[in-house]
Amino acid sequence: MKNGSCFILGLPAAGKTSFLAALAYSLEQTDIQTKLKWDRFTGNHQYLALLAETWAKGEKVPRTNPGTEQERLHLQLQDSEGNVFQVEFPDLSGVTFQKQYRTREMEAELAAQITACGSIMLFINPGNIKEPELISELPAHIRRESPPEDSQGAAKDSPEETPPGEDTPAEAPKEATPTAIQLAVLLQDILFLLENHESGAVPLAVVVSAWDVVADCEGPEQCVKEHLPLLWQYLYTHRDQLDVLYYGISAQGGRLNSEEETERLLEKHSAAPVKRILVVDSAGERLHDITLPLWNVMHASVEM
């Protein structure tokens, strides 16, 4: 039996829980061959079963919040070659990671999980990317070169030039920080904890979720390179520490914005619901096997 842990990382609404829901369904279905299947049920299987049921109905999977986090999910899985993997990973809220970025603090238990992990999955939702802003696009009160002076020549505050309800630079919430910077800082924290990793480069699967709505990218790596260039550069320059693979994944297979859209989606794939799932790998191959990214990083981590 091969043991391993995979740490799942992503900001709010990045697609982490939707991935787990589709994964839970895929592990049980028999319509297509997947890299991984259940070997036996362990840990909090009820949580995953509820996610799978929600996915099968074509319902939107509720986002994980700090009150419903699953700090440790245990899965005993078997691959097509008969290898058994004891897998452990958390389903943590994106709010937890955003709070970590804001406060620059990390819970001791979370740090222990990261230190013990053998692989990482990073989720990015291209529809929720906060792009960097040009200086010319910032409000005038932020772009001002120097504050106004009083009659004595000393700088003074000028609340009359700050539009009502807007934050001053010192009060601006860090959620406004570009997504690429937040993720690069969070990965930097992880690499700091893994700096003495005995196995060399840590396998990392970068998952671009909601791939069915991505129209302007040739592939998942190109999507990150174009829309999150700073993050891509960070990953590229740390390739001695991170063994990166890119995936585009649509866990739902389409939008669930209305009953009509959901009905069409379910009817189209009624014979084999698992074929709603779309997985695009680094080579551009289109598959329905959502277990592939997890198998690749887990297999790489236990073989090192």
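Provided above is the structure to which this section pertains.
Residues numbered from 1 in each chain as written. Predicted model: local features only at pLDDT ≥ 70, side-chain atom pairs only at ≥ 80, totals over all residues. Heavy atoms only, no water.

On to the overall build of the chain, then. A count of helical and extended segments in the chain gives 10 helices and nine strands. Look at the contacts in the chain between residues 6 or more apart in sequence, and 76% of them connect residues 24 or more apart. For the chain, the computed accessible surface area is about 15600 Å², with 48% contributed by carbon and sulfur atoms. (Helix = DSSP H or I, 4+ residues; strand = E, 2+ residues; numbered from the N terminus. Contact = heavy atoms within 4.5 Å. Areas by Shrake-Rupley, 256 points an atom, 1.4 Å probe, with all protein chains shown as cover.)

This part is about unusual backbone geometry. A positive phi angle, near 60°, is found at Ala13, a position not held by glycine. Accessibility expressed as a relative area gives 21% for Ala13, which makes it partly exposed. Phi angles above zero are rare outside glycine, and Arg104 is one such case at about 60°. (Buried < 20%, exposed > 50% of the residue type's maximum accessible area, 1.4 Å probe, protein only.)

Among the eight residues in strand 6 (residues 202-209), eight count as buried, and that is most of the element. Side-chain alternation along strand 6 places Val202, Leu204, Val206 and Val208 on one buried face and Pro203, Ala205, Val207 and Ser209 on a second face that is also buried. Note: strand 6 against strand 7 (residues 242-250), eight bridges, orientation parallel. Within the sheet, the bridge partner assigned to Val202 lies in strand 7 and is Leu242. (Pairing = 2+ DSSP bridges.)

Right, let's talk about the pattern of salt bridges for a bit. The tally for this structure, following the rule as stated, stands at two salt bridges. For Asp189, the salt bridge goes to Arg104, with nearest N and O atoms at 2.9 Å. Here Asp189 is found in helix 6 (residues 179-193), whereas its partner Arg104 is found in the loop between helix 3 (94-103) and helix 4 (108-116), with 85 residues between them in sequence. Given the relative accessible area of 15%, Asp189 is considered buried. Note on Arg104: relative accessible area 42%, which makes it partly exposed. (Salt bridge = Lys/Arg side-chain N within 4 Å of Asp/Glu carboxyl O.)

Turning our attention to the environment of Ala300. With respect to the helices and strands, the residue Ala300 is situated in helix 10 (residues 292-303). Along the sequence, Ala300 and Ser119 sit 181 residues apart, while their C-alpha atoms lie 8.2 Å from each other.

Looking now at the state of the cysteines. If you walk through the whole model with that rule in mind, you get zero disulfides. Unpaired in terms of disulfides, Cys6 finds its nearest cysteine sulfur in Cys117, a separation of 7.6 Å. (Disulfide = S-S within 2.5 Å.)

Below, the discussion takes up the side chain of Ser209. As for its placement among the helices and strands, Ser209 is situated in strand 6. Here Ser209 falls in the buried class, since its relative accessible area comes to 8%. A polar contact of 2.6 Å, which involves the side chain of Ser209, links it to the backbone oxygen of Ala14. Sequence-distant contacts of Ser209, that is, excluding residues within four places in its chain, are made with Ala14, Gly15, Ile124, Asn125, Pro126 and Ile249. (Polar contact = N/O pair within 3.5 Å; in protein donor to acceptor, adjacent residues only side chain to side chain.)

Now for the nonpolar core. Core analysis: the biggest nonpolar cluster contains 42 residues, and Leu75, Phe89, Met121, Ile290 and Leu294 have the highest contact counts within it. Among the elements that take part in this core, helix 1 (residues 16-28) stands out by supplying eight residues, more than any other. Excluding anything up to four places from it in sequence, Phe89 contacts Cys6, Ile8, Leu20, Leu23, Arg72, Leu73, Leu75 and Leu294. Counting 40 residues, the second largest nonpolar core, distinct from the first, contains Leu110, Ile114, Cys117 and Val208. (Core = buried A, V, L, I, M, F, W, Y, C linked by side-chain atoms within 4.5 Å.)

This part covers the packing of aromatic side chains. Applying the stated criterion to the full structure yields four aromatic pairs. Ring geometry for Phe7 and Phe97: centres 5.9 Å apart, planes at 90°, overall edge-to-face. Of this pair, Phe7 sits in strand 1 (residues 2-10) while Phe97 is found in helix 3, placing the two residues 90 residues apart along the sequence. As far as burial versus exposure is concerned, Phe7 and Phe97 are alike and both buried. Pairing Trp232 with Tyr236 gives two aromatic rings, centres 5.3 Å apart and planes at 15°, and the pair type is stacked. Within this pair, Trp232 and its partner Tyr236 are both found in helix 8 (residues 229-237), separated by four residues, close to a single helical turn. Given a relative accessible area of 14%, Trp232 falls into the buried group. Above the ring of Trp232, the side-chain terminus of Lys225 is found at 4.5 Å from the ring centroid. We note Arg276 situated over the ring of Trp55; from NZ or CZ to the ring centre the distance is 3.9 Å. (Phe/Tyr/Trp six-rings, centres within 6.5 Å; stacked < 30°, edge-to-face > 60°. Lys NZ or Arg CZ within 6 Å of the ring centre and 35° of its normal.)

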